[in-house]
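Structure assessment
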Amino acid sequence: MDKLDLILEKLSLERFKGLPIVKNLSKSTKQPAEVIVCAGLALFVLLCLFRPVGWLLTTLVALIVPAIESIDCIENTRSTEFERLLIYWIVFGATQIFSNIFGCAFCWVPFAPLLKFAFSMAVYLPKFDLSSKISALLKARCAAIEPKVDGILGDLNERAKSASEVFKKKKD
């Protein structure tokens, strides 16, 4: 069982051993919790290979697991986790929009649900620290285009003011 413990530790799956469903299955099948968790993971990956089930499962897991942690984070006011979870939700929403817009193109990509799930988990899990890299990239990109956006918005604001003055003069 040392190899299973090592796999669970590397995949950050240790916390799933304490779930009630894992404990009940472990008790009823007389198998260690590590085996139940690995079997569940293998079943999840196997089901994800089928298109309709794969998209549904990956979306649900990528939604439910972080949602539970977000609620726990809010209830226990763990402010260090707020930024990581907020970035996760931004990236999750962006990937959902992207996959909905380009869904027909993704149906030709082999293992697309698993790739989407792997990306979501890499952003979610603190071990990979992908959320902070995305955050730094977004902050740098936004800082670079901020003057351009301010220039465009300032120009639009001036045009709107002049248009409103023209309409006021016509009204009078």
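In short, a report on the structure.

Quick notes on the rules
Residues numbered from 1 in each chain as written. Predicted model: local features only at pLDDT ≥ 70, side-chain atom pairs only at ≥ 80, totals over all residues. Heavy atoms only, no water. 1 Å grid on protein atoms, 1.4 Å probe; cavity = no way out; pocket = protein on both sides within 12 Å on 5 of 7 lines; lining within 4 Å. Points joined across faces, edges and corners; volume = space filled by probe spheres on them. Helix = DSSP H or I, 4+ residues; strand = E, 2+ residues; numbered from the N terminus. Nonpolar A, V, L, I, M, F, W, Y, C, P; charged D, E, K, R; others polar. Axes fitted to C-alpha atoms, helices over the stretch in contact; angles between N-to-C directions. Parallel < 35°, antiparallel > 145°, perpendicular 65-115°, else oblique. Contact = heavy atoms within 4.5 Å. Buried < 20%, exposed > 50% of the residue type's maximum accessible area, 1.4 Å probe, protein only. Core = buried A, V, L, I, M, F, W, Y, C linked by side-chain atoms within 4.5 Å.

**Topic: the layout of surface pockets**
To find leftover empty space, one rolls a probe the size of a water molecule over the atoms. By volume, the second largest pocket amounts to about 170 Å³. Forming the boundary of the second largest pocket are Trp-55, Thr-95, Phe-98, Ser-99, Phe-106, Val-109, Ala-112, Leu-115, Lys-116 and Phe-119. Looking at the lining of the second largest pocket element by element, the count peaks at 4 residues for helix H7 (residues 112–124). Class assignment of the residues belonging to the lining of the second largest pocket gives a composition of 7 nonpolar, 2 polar and 1 charged.

**Here we look at the packing of helix H5 (residues 79–101) against helix H8 (residues 130–171)**
Between H5 and H8, the shortest axis-to-axis distance is 9 Å and the interhelical angle comes to 75°. One element, H5, and the other, H8, form an angle in the roughly perpendicular class. Across the interface between the two elements, Glu-83, Arg-84, Ile-87 and Val-91 from H5 touch Ser-131, Ile-134, Ser-135 and Lys-139 from H8. Residues belonging to the contact of H5 with H8 are distributed by class as follows: 3 nonpolar, 2 polar and 3 charged.

**What to know about the environment of Ile-21**
Residue position: Ile-21 is located in helix H2 (residues 20–29). Judged by its relative accessible area of 57%, Ile-21 falls in the exposed class. Sequence separation between Ile-21 and Trp-89 is 68 residues, and the spatial gap between their C-alpha atoms is 27 Å.

**Quick look at the nonpolar core**
Proteins that are soluble and globular tend to have nonpolar side chains buried together. If you look at the biggest cluster of nonpolar residues, it comprises 16 residues, and the most contacted ones within it are Tyr-88, Val-91, Met-121, Val-123, Tyr-124 and Ile-134. Of all the secondary-structure elements, those providing two or more residues to this core are helix H3 (33–48), helix H4 (51–75), H5 and H7. Non-local contacts of Val-123, meaning those with residues more than four positions away in its chain, are made with Tyr-88, Val-91, Leu-130, Ser-131 and Ile-134.

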